[in-house]
Amino acid sequence: MTASDVSLEADDRGGAGSLQETFSPSDPTNTTGDYLIVTLLSTGLAQIKANQVRRDTDRGVVSTRQLSRPELLPAPWRAGFTRLWWRFLQAGLVPPEDDLTLFELCRAPFVEWDLPLELSDTDREASLLDGDELSELAREAAKLGVRDAEADFVEEQSFAVLKAVAAMNATTDEQAQANYELLRRFLIDHTVISDKQVRDLMRRFPAPGASGQPYVQSLIDTAYERHHSPAPTVTVRCCGGCGNPLAVDSTSCGTAGCTGTATTRELRVFDAYFVQHRGVRRYIHDAGLLEVRLYDTLRAELSERVVFLQPWPGRDAFDLLVAFLDPADPDPRRPVEVWGADGKDHASPSLLAIGFRWKHNPRCDRRFLVLPMHRVRQLGYVRDLETELEGRDNGVKVIDEEEFVRRVIARARQIGGGA
Ligand SMILES: [Zn+2]
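All of these numbers come straight from a predicted model, not from anything done at the bench. (Residues numbered from 1 in each chain as written. Predicted model: local features only at pLDDT ≥ 70, side-chain atom pairs only at ≥ 80, totals over all residues.)

J.: Can you tell me about the overall build of the protein chain, naming the residues and giving the values?
T.: Looking only at helices and strands, one finds 16 helices and twelve strands in the protein chain. With 419 residues in all, the protein chain has 36% of them scored as buried. In the protein chain, the proportion of contacts linking residues at least 24 apart, taken out of those at least 6 apart, comes to 68%. (Helix = DSSP H or I, 4+ residues; strand = E, 2+ residues; numbered from the N terminus. Buried ≥ 20, exposed ≤ 12 C-beta atoms within 10 Å, placed from the backbone. Contact = placed C-beta atoms within 7 Å.)

Here's what the structure looks like:
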């Protein structure tokens, strides 16, 4: 038996099955093989965590000791362990002897492992677990493993409910798109909201769910945690830059690339306020900061007669469609040229590349993968991304956000005849 014979049978949720298409395990380059191991282990860890939360909800207790019961360990974890076990043997090293040893190893950065896995320099500094929580790298890797299966992550669930609310409150595709834009922007603009704002949303999106209540309530219940307030005013400490709430004793938000300082906000409430769940904050709100920055900057610079801008076209095919309009006939349905931008703020450039697929509808003349400045300034980040992207998605240009904005403005002026 060789490492490539290891079965990647789909687990009960189909997670490992979709990995095969993502990674093509027969790929002779070992880099992909080691990322497959990282992804299998991360998917396994994510499922172990999800099972723990479910048991926690059922019984009101959690024990990490449950990790030692092999019958509870998910298929991706076992597949990842088997592949890793072979990699250790092939390198003449002693493999981790059991699940608990491997679990401990997952807390150590890859640079400290006896076996040097072939990962990018950026990723070698990371571990799979930060304490008992999945690291950013592990979360990004696990999403490659579960993306076609039932979502376990709160942000994936929120996206699914968001799409459903947008569609239920629309009779045309244009309305559904407009609803989607409004609700997604709401999640990016609001990390903390009052019950008064929730009531406004329910008036704006009244279509009922199974309970008879407006279904948009489910979006709030999925994306936010409810807190009771006996007082009519709630004071929230938050970051003036990104808007994320701050813990009582902390002065920094920890949001990648944010340099904002602590400030306070007052919310008027009936009797409750809602705080975004961590996953939604990180992967919808924080990641969305780049998306809305691109839109807002271009909208402020270029008039609607010059470019038509659509955020998240096709309800999230990519992040921003830029249609350059004909000065003689500025009709968005007949643009001179169309550019597409997908903004990406990932911790791991290699996993970003491995999971990156451009959705070709709507059609674009030029396609850009746009990075926020704080990623571009990270040593080796762009190099690792481009190396891993090579040969995967031809015709997509990696660019930083400032350069992208400059190019759009320059092209608009060219088409507009220097106006
Ligand atoms: Zn901040």
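Here the narrative resumes.
J.: Could you give an account of the packing of helix 11 (residues 278-301) against helix 16 (residues 401-415), with specific residues and numbers?
T.: Where helix 11 contacts helix 16, the two axes come as close as 11 Å, and the packing angle between them is 30 degrees. Overall, the two elements helix 11 and helix 16 adopt an arrangement that is roughly parallel. The element helix 11 and its partner helix 16 pack so that their crossing is right-handed. Every residue of helix 16 that contacts helix 11 at Leu290, Arg293, Leu294, Thr297, Leu298 and Glu301 is listed here: Glu401, Phe404, Val405, Val408 and Ile409. Its residues placed into classes, the contact of helix 11 with helix 16 shows seven nonpolar, one polar and three charged. (Axes fitted to C-alpha atoms, helices over the stretch in contact; angles between N-to-C directions. Parallel < 35°, antiparallel > 145°, perpendicular 65-115°, else oblique. Left-handed = near helix turned anticlockwise from the far one by under 90°. Nonpolar A, V, L, I, M, F, W, Y, C, P; charged D, E, K, R; others polar.)

J.: With reference to specific residues and values, describe the sheet that holds strand 4 (residues 224-228).
T.: Ordered by their spatial adjacency, three strands build an open sheet running 3-7-4, and the pairing between neighbours is antiparallel. Looking at the sheet topology across the chains shown, the edges are occupied by strand 3 (192-194) and strand 4. Between one strand axis and the next, the sheet turns by 25 degrees as a mean value, whatever way the strands run. Direction of pairing for strand 4 relative to strand 7 (residues 272-276): antiparallel, over a ladder of five bridges. Across the sheet, residue histidine 227 finds its bridge partner in strand 7, namely tyrosine 273. Along the sheet, helix 9 (residues 195-204) makes contact with strand 3 and strand 7, crossing strand 3 at roughly 80 degrees. (Pairing = 2+ DSSP bridges.)

J.: Tell me what's going on with unusual backbone geometry, and back it up with residues and numbers.
T.: The step from asparagine 361 to proline 362 runs through a cis peptide bond, and the omega angle for that step is 5 degrees. Residue position: proline 362 is located in the loop between helix 13 (349-355) and strand 11 (366-371). Within the chain, tryptophan 312 stands out as a residue other than glycine whose phi angle is a positive 45 degrees. Relative to the helices and strands, tryptophan 312 resides in the loop between strand 8 (307-311) and helix 12 (313-316). Positive phi outside glycine occurs at aspartate 316, with the angle close to 90 degrees. Residue position: aspartate 316 is located in helix 12.

J.: So what's going on with the environment of aspartate 121? Residues and values would help.
T.: Here aspartate 121 shows up in helix 5 (residues 121-124). Here aspartate 121 falls in the partly exposed class, since 14 other C-beta atoms lie within 10 Å of it. As a C-alpha pair, aspartate 121 and proline 349 span 228 residues in sequence and 10.0 Å in three-dimensional space. Apart from residues no more than four positions distant in its own chain, aspartate 121 is found in contact with Gly380 and Asp384.

J.: I'd like to hear about the nonpolar core, residue by residue, with values.
T.: The tendency in soluble globular proteins is for nonpolar side chains to be buried as a group. If you look at the biggest cluster of nonpolar residues, it comprises 34 residues, and the most contacted ones within it are Leu41, Leu45, Leu128, Ala138 and Ala141. Taken together, the elements giving at least two residues each to this core come down to helix 2 (30-59), helix 3 (75-90), helix 6 (136-146), helix 13 and helix 15 (381-389). Among the elements that take part in this core, helix 2 stands out by supplying nine residues, more than any other. Here this core spans two domains, and each of domain 1 (3-146) and domain 3 (283-415) adds at least three residues to it. Leave out the neighbours within four places in its chain, and alanine 141 touches Val38, Thr39, Ser42 and Leu351. Counting residues in hydrophobic clusters, the runner-up holds 27 residues, among them Leu183, Val192, Val216 and Tyr283. (Core = buried A, V, L, I, M, F, W, Y, C linked by C-beta atoms within 7 Å. Domains from an automatic or database assignment.)

J.: Can you lay out the confidence of the model for the protein chain for me, pointing to particular residues and giving the numbers?
T.: Taken over all residues, the pLDDT of the protein chain has a mean of 86, while the share at 70 or more is 86%. Contacts for the low-pLDDT stretch residues 1-18, under 50 throughout, to residues beyond four places or in other chains number 38 contacts. Across residues 61-65 the pLDDT falls below 50, and counting only partners more than four positions away or on other chains, this stretch makes five contacts in the model. (pLDDT = per-residue confidence, 0-100.)

J.: How would you summarise the packing of helix 7 (residues 154-168) against helix 11 if you had to cite specific residues and measurements?
T.: In a packed pair of helices, the relevant descriptors are the angle between the two axes and the axis-to-axis distance. Remark: helix 7 packs on helix 11, axes separated minimally by 8 Å, with the N-to-C direction vectors making an angle of 65 degrees. In terms of orientation, helix 7 lies roughly perpendicular with respect to helix 11. Relative to helix 11, the crossing made by helix 7 is right-handed. The residues of helix 11 that touch helix 7, namely those facing Val154, Glu155 and Ser158, are Gly279, Val280, Tyr283 and Ile284. Across the contact of helix 7 with helix 11, the residue classes tally to four nonpolar, two polar and one charged.

J.: Describe the sheet that holds strand 10 (residues 337-343), listing the residues and the values that go with them.
T.: Pairing is mixed across the open sheet formed by five strands, whose spatial order is 8-9-10-11-12. Of all the strands in the sheet, just strand 8 and strand 12 (396-400) have a single pairing partner and so form its edges. Each neighbouring strand pair of the sheet contributes to a mean axis angle of 25 degrees, computed without reference to strand direction. Here strand 10 runs beside strand 11; their pairing, made up of five bridges, is parallel. Across the sheet, the residue bridging to alanine 341 is phenylalanine 368, located in strand 11. Contacts from helix 16 reach strand 8, strand 9 (320-324), strand 10, strand 11 and strand 12 within the one sheet, and its direction differs from that of strand 12 by about 110 degrees.

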